[in-house]
Every structure is written in C-alpha cells, then in structure tokens.
Amino acid sequence: MSGGTFLGMPAFPRNAAAAVQDSQLRFNLRKATHTIRGKRASVVAELPDWAELRAAGKEIKDHTLRNLDRYLLQLEEAVTAAGGHVHWAADAAEANRIVADLVKATGETSVVKVKSMATQEIGLNEALQEEGITAYETDLAELIVQLGDDWPSHILVPAIHRNRSEIREIFQEKMASYGRAAPEGLTDEPRALAEAARLHLRERFLSTKVAVSGANFMIAETGTLVVLESEGNGRMCLTLPETLISVVGIEKLLPSWRDLEVFLQLLPRSSTGERMNPYTSTWTGAVEGQEFHLVLLDNGRTRVLADEVGRQALRCIRCSACLNVCPVYERAGGHAYGSVYPGPIGAILTPQLRGMGSALDASLPYASTLCGACFDACPVAIDIPEVLVHLRGKARHPRAERLGMRAAGWVFDRPARLAGAQRLGARLRRFVPGRLPGPLAGWTDTRDIPDIPAESFRDWWDRTDGGAR
Ligand code: SF4
C-alpha cells in the first residue's frame, strides 16, 4: 500500500515519449484539464480586480519569504501558546522520524491522512510502513491512487489519468483488502463510485485515532493552520482523531488573517474553478482532549530561498492552474515528471528541492516549450519560464554544446565579427549539408537547416542605402 515511488525513474524525454503513445491517457488528460481550465477562466473573468488580487498575492508571499525567519518564530510561539507542539525538520528523513515517533508514542499502528503534497514529497507513507504503521489516504483521488498502487499525476486531481471504469475496477479488486469492500454490482456512475468511497472511508474515520495532514496556509500572528478542500474528508481527519500531526513546508506562512483573505479568493478560483471551496478548516493549537503537533519542513526550501531567481517558486500555493494550461503536461501527463510536483511548477520546484544530480532532475527544466501560458495562469505571478531558463543555465551541458555556445558568444559579442561570420557563411553556403553530422545530428532529425542568404541584410542595406538605390 505504498503508492509506489518515483525513485530511479529515467529522464523526462524518455518518460514523455512513452506517455504520448497512450491515447487513453491523452484523452483523459485533455478532457479533464480543458474542463477545469474553462471553469477557471470564467470565474476569474468575474472579478474585475483579479490583476490587483494577483499582485497582492505575489507581494504578500514575497514579503513573507523575505522575513521568513521572523514569521516562523512568531508562528512557533503562537502555536505553543495555544497548546500545540512545534517540531523542526531539516529534511525528509528527520520529518519522517518525527512523525513515526509521535505515532508510536500513541500506541497506534494506523493513521488517516488528509491529502498533503508535503507528506508525499518526503515519502511519509513508505517511511511509516517501514515502522509498521499504515497510512490511509482519505481524499477520493488519493484513495484511488493508493488502492491502485499507483503514483499521483496531478497536484489537485492525483488520479486524473484514470477514467471511471478503471476506478470501478480498482474499487472492486482492492477495497476489501483495506477495509469495507465495494458494494456488490458497483457501476461506474460517479455517484455510485463516490458512495462506495464514502462508506469505505466512514469506517476508517470512526476507528482511527491519529491523523496526519498538511496545510494550505499557516498564520504567523495567531498560529492558525488552514486547509481548503472539497470533500469533507479533511474536516473529518482534522476533528475526529485524538492526535493530529500536521507536516507543513516552511514557505506556507502568511503573516496575518488579513492576508488570508487574498488567498481565499485566489486559490479556489485558480484550482477547481470555484468561487469558494466547499470546506475551509482552520485550527489553532489543540482543543481539550486532543493533541496537536506541527512539523515544520525545510527539505531544501532554504536552499531555494537563497537563489534570487529560483526563490519565486516558493510563492506557489499548489493551485495547479499552470498544469491545466501546459501543452507539455497535457500530452506527457504527470508521471513523466518523476515527482509529486508535476507540470510547470514541478519542472522548476523539483530540480531546486532535489538538486540536478540525477538525469531526471537535470532534464526537468527542459520539459517546457517556454510558451508562457503557465506564467499567465499563475495566481501569484511566478515567472516559470524565467526560472526554467535560469535552471537550464545551471544544468550540465555536453562539451560540444558548451564549445558551440562559447564560439557563438564570441561571434555575437562584436558587430564586426558577426558581419564577418555572415559573409563567410554566405561564401560557404553551397557546402552546408542537409543534416548535421555526429552529436549535432539530433538537432536536424526534426528540423530543416535554414538556407543561408547570399547576402546579409546589413550588407544589402549598405549596398542599396536602405533600398533607395
Ligand atoms: S506555480 Fe502558480 S499556477 Fe502553478 S501550482 Fe503554483 S501557484 Fe498554481
């Protein structure tokens, strides 16, 4: 019941080349992303001050990130004063160890989970499994992914790659192994599938004493955590169990309640295309009879913060609007990115959090056409193309490419050198092959080499005085 791991996956081009052969996957992705995209566009268009909201969201996040140390300490103080316990985790291993120790201290061997990207990022379910603790996902899509021993492929709709008949099969085959079985004669009607999940999960909520969540936002001023969701499973996890453990990335801070107002408008419209999300749960510290632990997760975030261009990725509120408009994501799907963060945000966040040491992580900044649709859709104005280009500059390049780029830089550095190169090119144009040789051949596999003109524009201009002669 691990949900699989992305470890050891090959580079993005290989994953994507395999994914685009799957016509069912492409159909599912296109249908789902275009539906959400259309809903988002219409609810965003309703707000005349969307541009101002977007600018405010960006400013609040930038201000918070600039003062992150101060606000984190303020948050810790407020959570502690409200009866909660705060733990600091430098990396995934430390966060997993903290959570496992907390669960073991309760004497329980299972936890229910609210959908959380941070816990997926650190591989919490697998780490708990090794300690003999079973983590049960309660978000419908996460349940489908977990029962199917699958990987999430979208931030908001992790089972976006599955259609309803596949989901029915998964429920029929797997539900009984993890609790209440799927009803006899289950159909693939959405209502029937939702009811099967509801009955299955209800038993789990009522019998499990420890819950693990993430949070969309944390308010430094009061120590309040906020979760936005659509199914009510979050509300059940956050209120029923005796112990609640929340694992949250340190960048999820907002200074005050007033700031939350901006994000409660930006997030639902950008993610599900709704004016308001159905459930907004907030909690501050622990209530009587319950224990609350907050695990503040770094796991590479302070390193990202140190990068002047790349740090804007930490503004992300995980709405997934950038995925739904991305032509690459629409065709390649989420698994090709080899991370819990797929699509454009994954292409800039994963290589920064994990580093670019593996072939997969080094390939992610190239998983884009740089069309800029993600930047336009992003509610906190993350200039994803700018970060992609920045990361491409940091990636390791083959020697031939580096030499070629250095030579091109030398030529373009002086107008006289460029003019000389153009004249030389014009003289040698007869000898330019149709395909480039050796390691450069890949470039011409799918492109024609443009014809070199007999005379450059500059020379023509000088010779004809701008066309006057
Ligand atoms: S990068 Fe922007 S559009 Fe993409 S998930 Fe994050 S906030 Fe949403």
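Residues numbered from 1 in each chain as written. Predicted model: local features only at pLDDT ≥ 70, side-chain atom pairs only at ≥ 80, totals over all residues. Heavy atoms only, no water.

**Q** For the layout of surface pockets, give the residues involved together with the corresponding values.
**A** In this model, the second largest pocket occupies a volume close to 1,200 Å³. In this structure, the second largest pocket is lined by 28 residues; those nearest its centre are Gly404, Met405, Leu436, Leu440 and Trp443. Put simply, the parts of the chain that give the lining of the second largest pocket at least two residues each are helix H20 (399–412), helix H21 (415–427) and helix H22 (441–445). Among the elements that line the lining of the second largest pocket, the one with the most residues is H20, at eight residues. Split into classes, the residues belonging to the lining of the second largest pocket amount to 19 nonpolar, five polar and four charged. (1 Å grid on protein atoms, 1.4 Å probe; cavity = no way out; pocket = protein on both sides within 12 Å on 5 of 7 lines; lining within 4 Å. Points joined across faces, edges and corners; volume = space filled by probe spheres on them. Helix = DSSP H or I, 4+ residues; strand = E, 2+ residues; numbered from the N terminus. Nonpolar A, V, L, I, M, F, W, Y, C, P; charged D, E, K, R; others polar.)

**Q** Which residues make up the sheet that holds strand E5 (residues 217–219), and what are the values?
**A** Strand order in this open sheet of four strands is E8-E5-E6-E9, and the pairing throughout is mixed. Edge strands, defined here as strands with exactly one partner in the open sheet, are strand E8 (253–254) and strand E9 (279–284). Relative to E9, strand E6 (residues 224–229) runs antiparallel, the two sharing six bridges. Bridging from a neighbouring strand, Glu229 pairs with Tyr279 of E9. (Pairing = 2+ DSSP bridges.)

**Q** Account for empty space enclosed by the protein, naming residues and giving values.
**A** Applying the stated criterion across every chain, the model contains three cavities of 30 Å³ or more. For the largest cavity, the calculated volume is near 100 Å³. Around the largest cavity sit 17 residues that line it, and Cys326, Pro344, Ser368, Thr369 and Cys374 are the ones nearest its centre. Secondary structure elements with two or more residues in the lining of the largest cavity: helix H15 (327–332), helix H16 (343–354) and helix H19 (384–394). The biggest single contributor to the lining of the largest cavity is H19, with three residues. Tallied by class, residues from the lining of the largest cavity come to 14 nonpolar, three polar and no charged. The wall of the second largest cavity is formed by 13 residues, among which Cys316, Cys319, Cys322, Cys378 and Ile382 lie closest to the centre. Its residues placed into classes, the lining of the second largest cavity shows 11 nonpolar, one polar and one charged.

**Q** Any details on the sheet that holds strand E10 (residues 291–297)? Residues and values, ideally.
**A** Within the open sheet, the six strands sit side by side as E1-E10-E7-E4-E2-E3. Their pairing is parallel. This sheet does not close on itself; its edge strands, each paired only once, are strand E1 (85–89) and strand E3 (134–137). When the angles between neighbouring strand axes are averaged without regard to direction, this sheet yields 25 degrees. Sitting on the sheet, helix H5 (residues 92–106) is in contact with E1, strand E2 (110–113), strand E4 (210–213), strand E7 (243–249) and E10, with an inclination near 145 degrees to E1. (Axes fitted to C-alpha atoms, helices over the stretch in contact; angles between N-to-C directions. Contact = heavy atoms within 4.5 Å.)

**Q** Run through unusual backbone geometry, naming residues and quoting values.
**A** You will see that Ser320, though not glycine, has its phi angle at about 75 degrees, which is positive. With respect to the element layout, Ser320 can be found in the loop between helix H13 (301–305) and helix H14 (321–324). We note that Leu370 has phi near 60 degrees; this positive angle belongs to a residue other than glycine. Tracing the chain through its elements places Leu370 in the loop between helix H17 (359–363) and helix H18 (373–377). The exposure class assigned to Leu370 is partly exposed, which follows from its relative accessible area of 33%. (Buried < 20%, exposed > 50% of the residue type's maximum accessible area, 1.4 Å probe, protein only.)

**Q** Describe in detail the packing of aromatic side chains, supporting the description with residues and values.
**A** If you walk through the whole model with that rule in mind, you get seven aromatic pairs. Feature note: the residues Phe12, Tyr329 and Tyr337 constitute an aromatic cluster, connected by ring pairs. Above the face of the Phe263 ring, Lys61 is positioned so that its terminal group lies 5.9 Å from the ring centre. Here the basic side chain of Arg204 rests over the ring of Tyr136, its NZ or CZ set 3.5 Å away from the ring centre. (Phe/Tyr/Trp six-rings, centres within 6.5 Å; stacked < 30°, edge-to-face > 60°. Lys NZ or Arg CZ within 6 Å of the ring centre and 35° of its normal.)

**Q** Describe the site of the ligand, and please don't skip the residues or the numbers.
**A** Contacts to the ligand come from 13 residues, most closely from Cys316, Cys319, Ser320, Cys322 and Cys378. Cavity membership is defined here by more than half of the atoms lying within 2 Å of grid points; on that basis the ligand lies in the second largest cavity. Split by residue class, the shell around the ligand holds 11 nonpolar, one polar and one charged. (Near = heavy atom within 4 Å. Sits in = over half its atoms within 2 Å of the grid points.)

**Q** Any details on a nonpolar patch on the surface? Residues and values, ideally.
**A** Taken together, the side chains of Leu424, Leu428 and Phe431 present a nonpolar region at the surface, about 320 Å² in accessible area. By secondary structure assignment, the location of Phe431 is in the loop between H21 and H22. (Patch = residues over 30% accessible without salt bridge, like charges linked within 9 Å, V, L, I, M, F, W, Y side chains within 5 Å. Areas by Shrake-Rupley, 256 points an atom, 1.4 Å probe, with all protein chains shown as cover. Salt bridge = Lys/Arg side-chain N within 4 Å of Asp/Glu carboxyl O.)

**Q** Describe the environment of Thr134, with residues and values.
**A** Structurally, Thr134 is set in strand E3. Through-space distance from the C-alpha of Thr134 to that of Val112 is 8.6 Å; in sequence the pair is 22 residues apart.

**Q** Got a sec to walk through the packing of helix H9 (residues 164–174) against helix H10 (residues 190–207)? Specific residues and values, please.
**A** Put simply, H9 and H10 touch, their axes get as near as 11 Å, and they point 30 degrees apart. Taken together, H9 and H10 sit at an angle that is classed as roughly parallel. For the crossing formed where H9 meets H10, the hand is left-handed. Contacts from Arg164, Ile167, Arg168 and Phe171 in H9 reach Pro190, Leu193, Ala196 and Ala197 in H10. Here the residues of the contact of H9 with H10 sort into six nonpolar, no polar and two charged. (Parallel < 35°, antiparallel > 145°, perpendicular 65-115°, else oblique. Left-handed = near helix turned anticlockwise from the far one by under 90°.)

**Q** Before we move on, could you go through the UniProt feature "domain: LUD" (unreviewed entry) in the chain and cite the residues and values that matter?
**A** According to UniProt, the feature "domain: LUD" (unreviewed entry) maps to residues 74–286 in the numbering used here. Secondary structure within residues 74–286 divides into 44% helix and 19% strand; the distance between the first and last C-alpha atoms comes to 17 Å. (UniProt positions renumbered as here; feature names shortened; annotations may be inferred.)

**Q** Describe the pattern of salt bridges, and please don't skip the residues or the numbers.
**A** Under the defined criterion, the tally for this structure stands at 24 salt bridges. A salt bridge links Arg435 to Asp445; the nearest nitrogen and oxygen atoms lie 2.5 Å apart. Taken together, the residues Arg435 in the loop between H21 and H22 and Asp445 in helix H22 connect sequence positions 10 residues apart. Salt bridges here are not isolated pairs; linked through shared partners, they connect Lys58, Glu59, Asp62 and Arg315.

**Q** Describe in detail the packing of helix H3 (residues 50–66) against helix H12 (residues 257–271), supporting the description with residues and values.
**A** With their axes 10 Å apart at the nearest point, H3 and H12 run at an angle of 120 degrees to one another. Here H3 is positioned oblique relative to H12, judged by the angle of their axes. Every pair of crossing elements has a handedness; the one defined by H3 and H12 is left-handed. Each of Trp50, Leu53, Arg54, Ala56, Gly57, Ile60 and Lys61 in H3 lies in contact with H12, whose residues at this interface are Asp259, Val262, Phe263, Gln265, Leu266, Arg269 and Ser270. Counted by class, the contact of H3 with H12 contains seven nonpolar, three polar and four charged residues.

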